[in-house]
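Topology and contacts: notes
The residues making up each chain are set out below.
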Amino acid sequence: MGRGISEVGVEELVKAGLDVDEAKVMEKGLKEAIGRTGGGGDRRELWREITARRLLRPSHPHPVHQLVYYSVYADYDATAHGPPLYWFPSLYQAKSTNLGRLMETHGSKLLGALYKDPIISFSLFQSFSAEHPEVYWSLVLKELSIQFREAPKCILDTSVKSKHGGTWLPGSVLNIAECCLMSTNYPRKEDNSLAIVWRDENCDDSQVNQMTLKELREQVMLVANALDTIFSKGDAIAIDMPMTVNAVIIYLAIVLAGFVVVSIADSFVAKEIATRLRVSRAKAIFTQDFIVRGGRRFPLYSRVIDAEPPKAIVIPASGKDVGVQLRKQDLSWNDFVSCVNHLPRPNSYSPVYLPIDSTSNILFSSGTTGDPKAIPWTHLSPMRCAADSWAHCNVQAGDVFCWPTNLGWVMGPIVLYSCFLTGATLALYHGSPLGRSFGKFVQDAGVTALGTVPSLVKTWKNTRCMEGLDWSKITSFASTGETSNVDDDLWLSSRAYYKPIVECCGGTELASSYIQGSLQQPQAFGAFSSASMTTAFVILDENGVPYPNDQACIGEVGLFPRYMGATDRLLNADHEEVYFKGMPMYKGMKLRRHGDILKRTAGGYFIVQGRADDTMNLGGIKTSSVEIERVCDRADESILETAAVTAAPPIGGPEQLAIFVVLKKGYNSEPDRLKMLFSRAIQINLNPLFKVNFVKIVPEFPRTASNKLLRRVLRDQLKRDLHIHSKL
């Protein structure tokens, strides 16, 4: 157990990095906060008081934030009370959010006397939205820039029994790209509204570039006209390039013109590119000659043509001209856009209107064995992701939303639609997000909502590259992609005076997240506070039986199938087998498989424990890799990250627990020493019967192209090591 907050004085604060005068001011402020909260007995209220009075500032060294946070919660019983909380909404804040406004307007009508306010009644309202999704969506779709060419016959049709969960917005016709590009009264989008802001790498001192909605619309329509000169309606056209302004224009133009985007991440090797081109039957690919990172040029076009696409349209990474020799069938960007020079109005275009279930985008799972699943997004899918950003992240007109990602991954389309359907401005950095230059762009662009992945935050924290930057305009963060680290989240939130981090967990096939944080609820680092709006799920025990909804438990999640925006088909796999085969019935519905192991804590928070195949059996007790790693990550200051896997010895017997370790730069440590530290930490914090059998220090972890940890590869390595060990 660590030092309690009442024991933290000037000496400890100076050791953490404050000068003596600052330490005296901080000590006085802490003592006053303890006094105002009745001696600090309520740990959560004490932390709330400390952050509300801004005793901790972004300029303070991170060890100071660590000292205060961990000291406040030193004797806190998370098992009994749920995870420690770090952010608390005021009633004014809650009522001012998008969702809070909706609840204040309609809450009493929908919930009657049960409705009190957006904080007290949030869980009740979320449950109502899951039980009556057609009511919720009829309200929320009016909040977004959704314009139907032909209105839907209803919100949800459940008469077709062959479809799990029913059919959403049947009979409707629209073009979702047109919805992104047109000015609307609500949300307030005018032709001179800022649609995109961006900056190129190595231009830190230049003004941030800006593009209005009108300018974006004209550029998209120019490209749409050029597409029509080459392709046939319905053709699949791939994009394999960084998420630049041009990439966004191309994406919207493909959808606007009635074609289908094929999303390919710019990190893939030729073999992976070729697989995606083959599965999607893409007729062409948009790419760049090079990728510019850190002042260096990395070939992209040469990698793309090794995949043998039928045609490539090549954009120069810098300058006006492409810097490589093109194949005979390929086009430079300049030659491509000049195809429309003969048109009287090349910047005008009539959108192609399609039934709502028409495919607009083919995305791929980050699978590492066999072909990745080809996941079709329809014109409905963008509504889901934008609505969840509107409800959970409070994205709205006037916001500047930045999330460093790529159109090859689901977050690319999500952030694109989340901005353009809510009226927010999309912020793009043309370069690597790993260093200070990206952070200065966040500052200079006035970013109000910043999305991240945990490994990116870890890099920012460990390199201290963001020190001295002003991120005070940020009102909320978001995080997805992998399990968050509590200490890294502590660092991130502290950069903007402890603004909330909205954790998001879902999948490409869901078009969004099934669990998220909510600005109507207090938040805990690395935890999810709610099912997303209209989502319902259960946590299943080993026999497939749901635990009671108010019980703390761990098990595999089963989603209710009535989920707007979720796929009902795959292009290269059996959708029924992948998502429904073997899942139990519940309340007359077949549950949908997602594959996550979920922990529900006391107090009703959720922590993802990894995938179903990442569970382990230690001495007859089931636990998860993530739970082990959370404890090991903080066992010693030399540790950057850990990965826990188990395997049975070749001769049989209990599973052996191995901890793979990546050390921080400049640190050394011995496996035997770490093995002792890990065992002690696990036995104190998790279970006294758990034992670490092996520790292996490695330079880095194997990851997918989307940065997800490949424990399977480490597990195979452990099996080989155990096999060798058994022969000695």
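Criteria and thresholds
Residues numbered from 1 in each chain as written. Predicted model: local features only at pLDDT ≥ 70, side-chain atom pairs only at ≥ 80, totals over all residues. Heavy atoms only, no water. Helix = DSSP H or I, 4+ residues; strand = E, 2+ residues; numbered from the N terminus. Rg over C-alpha atoms; globule rule 2.2 N^0.38 Å. Buried < 20%, exposed > 50% of the residue type's maximum accessible area, 1.4 Å probe, protein only. Contact = heavy atoms within 4.5 Å. Lys, Arg positive; Asp, Glu negative; His and termini not counted. Charge placed at Lys NZ, Arg CZ, Asp CG, Glu CD. Salt bridge = Lys/Arg side-chain N within 4 Å of Asp/Glu carboxyl O.

**Comments concerning the overall build of the chain**
- Counting secondary structure elements, the chain contains 24 helices and 33 strands.
- The C-alpha atoms of the chain give 26 Å as radius of gyration, which agrees with the globular expectation for 728 residues (27 Å, within 12%).
- When the backbone C-alpha atoms are referred to their principal axes, the chain occupies close to 75 × 70 × 60 Å.
- Looking at the chain as a whole, 58% of its 728 residues are labelled buried.
- A separation threshold of at least 6 residues defines the contact pool for the chain, and within that pool the share at least 24 residues apart is 67%.
- With 79 positive and 76 negative side-chain charges, the chain shows a separation of 2 Å between the mean positions of the two kinds.

**Here we look at the pattern of salt bridges**
- Following the criterion strictly, the structure yields 27 salt bridges and no others.
- The residue glutamate 45 makes a salt bridge to arginine 48 at a minimum N-O spacing of 3.7 Å. Of this pair, glutamate 45 and arginine 48 both sit in helix 3 (residues 43-52), 3 residues apart, roughly one helical turn.
- For arginine 48, a relative accessible area of 31% puts it in the partly exposed group.
- Aspartate 444 serves as the salt-bridge partner of lysine 440, at 2.7 Å between the closest nitrogen and oxygen. Separated by 4 residues within a single helix, lysine 440 and aspartate 444 lie in helix 18 (residues 436-444), roughly one turn from each other.
- Among the residues examined, aspartate 444 registers a relative accessible area of 31% and is labelled partly exposed.
- Several salt bridges share partner residues, and in doing so they unite Lys458, Lys461, Asp487 and Asp488 into one network.

**Examining the environment of serine 638**
- By secondary structure assignment, the location of serine 638 is in the loop between helix 22 (625-632) and strand 31 (639-647).
- Once the C-alpha coordinates of serine 638 and glutamine 717 are considered, the two residues, 79 residues apart in sequence, prove to be 23 Å apart.
- Every residue in contact with serine 638, bar those within four places of it in the chain, is listed here: Leu663, Lys664, Tyr667, Ser669 and Leu674.

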